Amino acid sequence: MEDSLEISIAHLYPKHLNLYGDLGNIITLIKRCEWRGINVVYDKIDFNDKLASHDLYFIGGGQDKQQQEVAGELYKNKEFFLKERDNGAVFLGICGGYQLFGHYYQPFDGEKLKGISLIDAYTVAGKKRFIGNVTVKTDFLYPDTLVGFENHSGLTYLQGDCKPLGTVVTGNGNNGVDRTEGVRYKNVFGTYLHGSLLPKNPHFADYLIELALKKHYGRDFSLQKLDDTIEIKTHESLVGKAY
Ligand code: GLN
């Protein structure tokens, strides 16, 4: 058991961005902390809420309409989020939320949405919708795969110091061309993997929890192992699943 450790999680605009079970990511983070005796302060952030510093920020996916509503609210707080990123806070954005981490998202119809430039990337809507299972090979996790489900028309292009989460083995990922999926920059992570992502990728959930603990306490942590027999069986059953 981790003695009386604590992390804080801010769930950004869940009333607007929470698609395809993205709430499962929050449930996984909280349960995997609770199972280790780590306390979680969980705050749901709504429009016009006063923002306070948290160790981890989560934002889910959504259709273009919800993204338009959230983009303005995020942009109002851009400087706050940039400062949090540079102070080591962990960010996890899924699909629509991930797209708003970049400089902009240009939907197929309608105005270009300004992002908060947490990452040097941009997204433009393509004509084709990518829908299906995805397997990603990573170079920073063990096991070295991530699995999930994508459903997006946005095509995301990474620039500058942005690294992808990994290389697409099956599926399309960021744009269906450069074989990248998601993004890693400082402690900012974005991905197109819905499903939800973390229940089927417990190793990534623990990686994020360790980063959040490091943000909170200023030192490295190596979490005690949990019995992930079922989670890993599920993960392995999806690796390479046909698109
Ligand atoms: N509206 C965005 C797109 O279609 C994001 C969709 C989502 O969050 N699943 O690319």
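Structure: above.
It should be emphasised that the depicted structure is a prediction, and the values quoted were computed from it without experimental measurement.

Conventions we followed
- Residues numbered from 1 in each chain as written.
- Predicted model: local features only at pLDDT ≥ 70, side-chain atom pairs only at ≥ 80, totals over all residues.
- Heavy atoms only, no water.
- Salt bridge = Lys/Arg side-chain N within 4 Å of Asp/Glu carboxyl O.
- Helix = DSSP H or I, 4+ residues; strand = E, 2+ residues; numbered from the N terminus.
- Polar contact = N/O pair within 3.5 Å; in protein donor to acceptor, adjacent residues only side chain to side chain.
- Contact = heavy atoms within 4.5 Å.
- Expected span 1.5 Å × (residues − 1).
- Buried < 20%, exposed > 50% of the residue type's maximum accessible area, 1.4 Å probe, protein only.
- 1 Å grid on protein atoms, 1.4 Å probe; cavity = no way out; pocket = protein on both sides within 12 Å on 5 of 7 lines; lining within 4 Å.
- Points joined across faces, edges and corners; volume = space filled by probe spheres on them.
- Nonpolar A, V, L, I, M, F, W, Y, C, P; charged D, E, K, R; others polar.
- Axes fitted to C-alpha atoms, helices over the stretch in contact; angles between N-to-C directions.
- Parallel < 35°, antiparallel > 145°, perpendicular 65-115°, else oblique.
- Arc of directions from axis to C-beta.
- Near = heavy atom within 4 Å.
- Core = buried A, V, L, I, M, F, W, Y, C linked by side-chain atoms within 4.5 Å.

Asker: Looking at this structure, I do not really get the pattern of salt bridges. What am I missing?
Answerer: Oppositely charged side chains are able to pair whenever their charged atoms sit close together. Applying the stated criterion across every chain, the model contains twelve salt bridges. The salt bridge partner of Asp139 is Arg184, with a shortest N-O separation of 3.4 Å. On the criterion of sequence distance, the pair formed by Asp139 in the loop between strand 7 (121-137) and strand 8 (145-158) and Arg184 in strand 11 (residues 183-185) is long-range, its members being 45 residues apart. For Asp220, the salt bridge goes to Lys214, with nearest N and O atoms at 2.9 Å.

Asker: Whenever I open this one, the side chain of Asn174 confuses me. Can you help?
Answerer: Positionally, Asn174 belongs in the loop between strand 9 (166-170) and strand 10 (180-181). Side chain to side chain, Asn174 and Thr180 meet in a polar contact 2.8 Å long. Here the side chain of Asn174 touches Gly182 through a polar contact of 3.0 Å, landing on its backbone nitrogen. Excluding its chain neighbours within four sequence positions, the residues that come into contact with Asn174 are Tyr98, His152, Gly154, Leu155, Thr156, Leu158, Thr180, Glu181, Gly182 and Tyr192.

Asker: Can you walk me through helix 5 (residues 202-217) in this structure?
Answerer: One turn of an α-helix holds 3.6 residues; hence residues three or four places apart share an orientation. Counted at 1.5 Å a residue, the expected span for helix 5 with its 16 residues is 22 Å, and the 22 Å between its end C-alpha atoms agrees. Along helix 5, the residues that are buried comprise Pro202, His203, Phe204, Ala205, Asp206, Leu208, Ile209, Leu211, Ala212 and Leu213. Gly218 lies just past helix 5 and shows a positive phi near 75°.

Asker: Quick question: what am I supposed to make of the layout of surface pockets here?
Answerer: With a probe scaled to a water molecule rolled over the atoms, the places where space remains empty come into view. Its boundaries defined by the atoms lining it, the largest pocket holds a volume of some 350 Å³. In this structure, the largest pocket is lined by 17 residues; those nearest its centre are Tyr142, Pro143, His203, Asp206 and Lys225. Element by element, the count of residues in the lining of the largest pocket is highest for helix 5, at five residues. Per-class residue counts for the lining of the largest pocket are nine nonpolar, one polar and seven charged.

Asker: It is not clear to me how the packing of helix 1 (residues 23-34) against helix 5 should be interpreted in this structure. Could you clarify?
Answerer: Each pair of packed helices can be described by the angle between their axes along with the distance between the axes. One way to put it is that helix 1 packs onto helix 5 with a least axis distance of 10 Å and a crossing angle of 70°. With respect to helix 5, the axis of helix 1 lies roughly perpendicular. Two secondary-structure elements touch here, helix 1 through Thr28, Leu29, Arg32 and Cys33 and helix 5 through Pro202, Ala205, Asp206, Leu208 and Ile209.

Asker: Is there a simple way to think about helix 3 (residues 78-86) in this case?
Answerer: Buried residues of helix 3: Lys78, Phe81, Leu82, Glu84 and Arg85, and no others. Mapping the buried residues of helix 3 onto a view down its axis gives an arc of 160°, with all of them on the same face. In helix 3, the exposed residues that point more than 90 degrees away from the buried face are Glu79 and Lys83. Taken together, the buried residues of helix 3 touch strand 1 (6-12), strand 3 (56-59), helix 2 (64-76), strand 4 (90-94), strand 11 and strand 12 (188-191). Once helix 3 finishes, Gly88 follows within two positions and takes phi at roughly 95°, a positive value.

Asker: Which parts of the structure should I look at to understand the site of the ligand?
Answerer: Around the ligand lies a shell of 17 residues, among which Gly62, Asp64, Gln67, Cys95 and Gly154 are the nearest. In the model, a nitrogen atom of the ligand is placed 3.0 Å from a nitrogen or oxygen of the Asn151 main chain. In this structure, Gly154 approaches the ligand through a main-chain N or O atom, which is 2.8 Å from an oxygen atom. Top contributing element to the shell around the ligand by residue count: strand 8, with four residues. Partitioned by chemical class, the residues of the shell around the ligand number four nonpolar, eleven polar and two charged.

Asker: Got a minute to help me understand the nonpolar core in this structure?
Answerer: Generally speaking, soluble globular proteins have nonpolar side chains that are buried together. In this structure, Leu74, Phe81, Leu92, Phe189, Phe204 and Leu208 are the most contacted members of the largest nonpolar core, which totals 63 residues. Residue contributions to this core peak at seven residues, all from helix 5. For Phe204, the contacting residues outside a window of four places in its chain are Leu92, Phe140, Leu141, Leu146, Leu165, Phe189, Leu197 and Leu198.

Asker: I would appreciate a short explanation of the environment of Ala52 in the present structure.
Answerer: Within the secondary structure, Ala52 sits in the loop between strand 2 (39-45) and strand 3. Along the chain, Ala52 and Asp139 lie 87 residues apart, while their C-alpha atoms are 33 Å from each other. Not counting the four nearest positions on each side in its chain, Ala52 is found in contact with Tyr57 and Phe80.

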